[in-house]
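# Analysis of the macromolecular model
Here is what each chain is made of, one letter per residue.
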Amino acid sequence: MEIRLAKTSGFCFGVKHAVESAYKLLDQPAAQSGQTYMLGKLIHNETVLEELKAKGMQLVDTVADLPDGAQVVIRAHGVPPQTLEALAGKGCAVVNCTCPYVGKIHRYAQQACAQGETVIIVGTPGHPEVVGIQGECPDHSILLSKREDAEAMDFPDRPAILVSQTTFSYEEYQAIQSIVKNKIANVRIFDTICSTTETRQKEAKEIAAAVDMMFVIGSKGSSNTMKLVKVCEAQCGETFLIENPSEVRPILAGRATRSLKIGITAGASTPERIIREVIQEMTEQEANANQQDMGDVSFTDFIDNIPQLKRGATVKGVIVRYDSENVYVDVRDKSEGKIPRHEFDADPDFDLDQAIANHTEIDVYVRNIRN
């Protein structure tokens, strides 16, 4: 089995910041008294949400559901200014984790509204990020979700700006831009799709076109994940959305995995550890198949006989030490692997010292090989 993992996969900057901030808050006294809340789902990943709730963070959907003086986390998607005013009115301590890219769009919309311009937003109706942007200019905003909307729209005869939801399809936004330019003489266009989102979609497209099967790891409730699915489906007929690592085995069951090429990408709300678990499921599935093919030969013996590591392979490694920047693993074949320390930070329950003491074995993806 050949596994191709997208370099741009898993938590984006904004989501990672929001999740890390939430975990830090849970160590404070307010969390111990049950006064820490997230206003709306912090990210679109049920595994992370359940972990936060298990540690004491409560989920509410509206400001009215919050007690006065509560400690509240604003998700990376941001909220309308009216929501922040309502929180201030209840004396809430707000930890605003709005993604900086989203915050910039809010400022564009706010300034345009003050100047009497129309704010044209390209995005998914009802998406939290879109709702927040609309709140900056509720009476002078227009929402477009697809190019057909732009073609059918009779735009007001005044200057306008065009912005996009940060996780919107890059190709679709380009098409909508062209239509709007032809219809409005005085329009300022802002490329507000997050650069990581654009890179993630392009990379997923390239990988999907070169593999037999494509796995997109994430939640069906995540806008950017579902756009990745759509991008991959256009290139690879066997594209699967993986919400839970346990879904991998039924997909691979009965297949000849040895010659299979599988691509993997993941949405911006997918923790690194879930990506690792999916890869582990895949390699264990192949191990079982190989063991059946080799009779009494164990998978451990099979691995020991591999002459060398290959770029793009997923292999087993034992954590042996770490420093401030990297975690080092023994991957046999007289080789030592180096993994950036930050890849482990998303899992607060993973204890490196304990892993070293227990000789914990993990799945590692070989990006580069140096002599």
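Being a predicted model, the structure only gives us computed values, none of them experimental. (Residues numbered from 1 in each chain as written. Predicted model: local features only at pLDDT ≥ 70, side-chain atom pairs only at ≥ 80, totals over all residues. Heavy atoms only, no water.)

### Points about the overall build of the chain
Looking only at helices and strands, the chain features 15 helices and 16 strands. Of the contacts formed within the chain by residues at least 6 apart in sequence, a portion of 68% connects residues at least 24 apart. Of the roughly 18,000 Å² of accessible surface on the chain, a fraction of 46% belongs to carbon and sulfur atoms. (Helix = DSSP H or I, 4+ residues; strand = E, 2+ residues; numbered from the N terminus. Contact = heavy atoms within 4.5 Å. Areas by Shrake-Rupley, 256 points an atom, 1.4 Å probe, with all protein chains shown as cover.)

### Considering the sheet that holds strand β7 (residues 141–144)
Read from one edge to the other, the open sheet built from four strands follows the order β7-β6-β8-β9, with strand pairing classed as parallel. The sheet is open, and its two borders are formed by β7 and β9 (187–189), each paired with just one other strand. Each strand of the sheet is rotated relative to its neighbour by a mean of 20°, with strand direction disregarded. By the bridge criterion, five bridges tie strand β6 (residues 118–122) to strand β8 (residues 160–164) in an arrangement that is parallel. Bridged to I121 within β8 is V163. In this fold helix α5 (residues 100–114) packs onto β6, β8 and β9, with an angle of close to 165° to the strand it touches most, β8. (Pairing = 2+ DSSP bridges. Axes fitted to C-alpha atoms, helices over the stretch in contact; angles between N-to-C directions.)

### Quick look at the side chain of K227
With respect to the element layout, K227 can be found in helix α10 (residues 223–233). Of the side chains bearing the opposite charge, E129 lies closest to the buried K227, which forms no salt bridge; the N-O distance is 9.3 Å. Setting aside residues up to four positions removed in sequence, K227 forms contacts with T124, Q165, T167, F168, S169 and Q201. (Buried < 20%, exposed > 50% of the residue type's maximum accessible area, 1.4 Å probe, protein only. Lys, Arg positive; Asp, Glu negative; His and termini not counted. Salt bridge = Lys/Arg side-chain N within 4 Å of Asp/Glu carboxyl O.)

### Digging into the pairing of β6
Of all five residues making up β6, five are buried, and the element is well covered by its neighbours. Residues of β6 alternate between two faces, with T118, I120 and V122 on one and V119 and I121 on the opposite face, all of them buried. One crossover worth recording links β6 to the parallel β7 by way of helix α6 (residues 128–134), and it is right-handed. (Right-handed = clockwise from strand over helix to strand, strands pointing away.)

### Re the confidence of the model for the chain
Any residue range with low pLDDT should be treated as having predicted coordinates unsuitable for detailed reading. Per-residue confidence for the chain gives a mean pLDDT of 85; residues scoring 70 or more make up 88%. Low confidence marks residues 294–308, where pLDDT is under 50. Its contacts with residues over four positions away, or in another chain, come to 14 contacts. (pLDDT = per-residue confidence, 0-100.)

### Description of helix α8 (residues 170–183)
Owing to its 3.6 residues per turn, the α-helix brings residues three or four apart onto one side. Along its 14 residues, α8 runs 20 Å from first to last C-alpha, staying within 8% of the 20 Å computed at 1.5 Å per residue. E172, Y173, A175, I176, Q177, I179 and V180 are the residues of α8 that are buried. Buried positions along α8 lie against β6, β7, α7 (147–152), β8 and β9. (Expected span 1.5 Å × (residues − 1).)

### Here's the deal with the packing of aromatic side chains
Scanning the entire structure with this criterion turns up three aromatic pairs. When the ring of Y108 is compared with that of F190, the centres are 4.0 Å apart and the planes differ by 20°; the resulting orientation is stacked. Here Y108, found in helix α5, pairs with F190, found in the loop between β9 and α9 (195–208); they are 82 residues apart in sequence, far enough to count as distant. Judged by its relative accessible area of 17%, F190 is buried. Ring geometry for F215 versus F240: centroids 6.1 Å apart, planes at 80°, classification edge-to-face. With F215 in strand β10 (residues 213–217) and F240 in strand β11 (residues 239–242), this residue pair connects regions lying 25 residues apart in the sequence. (Phe/Tyr/Trp six-rings, centres within 6.5 Å; stacked < 30°, edge-to-face > 60°.)

### Considering the sheet that holds strand β13 (residues 314–322)
Across the sheet, which stays open at both edges, the four strands sit in the order β15-β14-β13-β16 with antiparallel pairing between neighbours. Looking at strand neighbours, the two that pair on one side only are β15 (336–340) and β16 (361–365), the edges of this open sheet. Sheet twist, expressed as the average angle between the axes of neighbouring strands with direction ignored, equals 50°.

### Points about the environment of S324
Looking at the element boundaries, S324 is found in the loop between β13 and β14 (326–330). C-alpha separation for the pair S324 and P340, spaced 16 residues apart in sequence, amounts to 9.3 Å.

### Some details on α10
Within α10, eight of the eleven residues are buried, which leaves it mostly tucked inside the rest of the structure. Burial in α10 covers these residues: S223, N224, T225, K227, L228, V229, V231 and C232. Summarising the contacts, the buried residues of α10 are in contact with α9, β10, β11 and β12 (261–266).

### Side note on the packing of α9 against α10
Any two packed helices are characterised by how steeply their axes cross, that is the angle between the axes, and by the distance between the axes. Put simply, α9 and α10 touch, their axes get as near as 8 Å, and they point 35° apart. Seen from above, α9 lies across α10 with right-handed handedness. Together, R200, Q201, A204, K205 and A208 of α9 and K227, L228, V231 and C232 of α10 make up the contact between the two elements. The residue makeup of the contact of α9 with α10, split by class, is five nonpolar, one polar and three charged. (Left-handed = near helix turned anticlockwise from the far one by under 90°. Nonpolar A, V, L, I, M, F, W, Y, C, P; charged D, E, K, R; others polar.)

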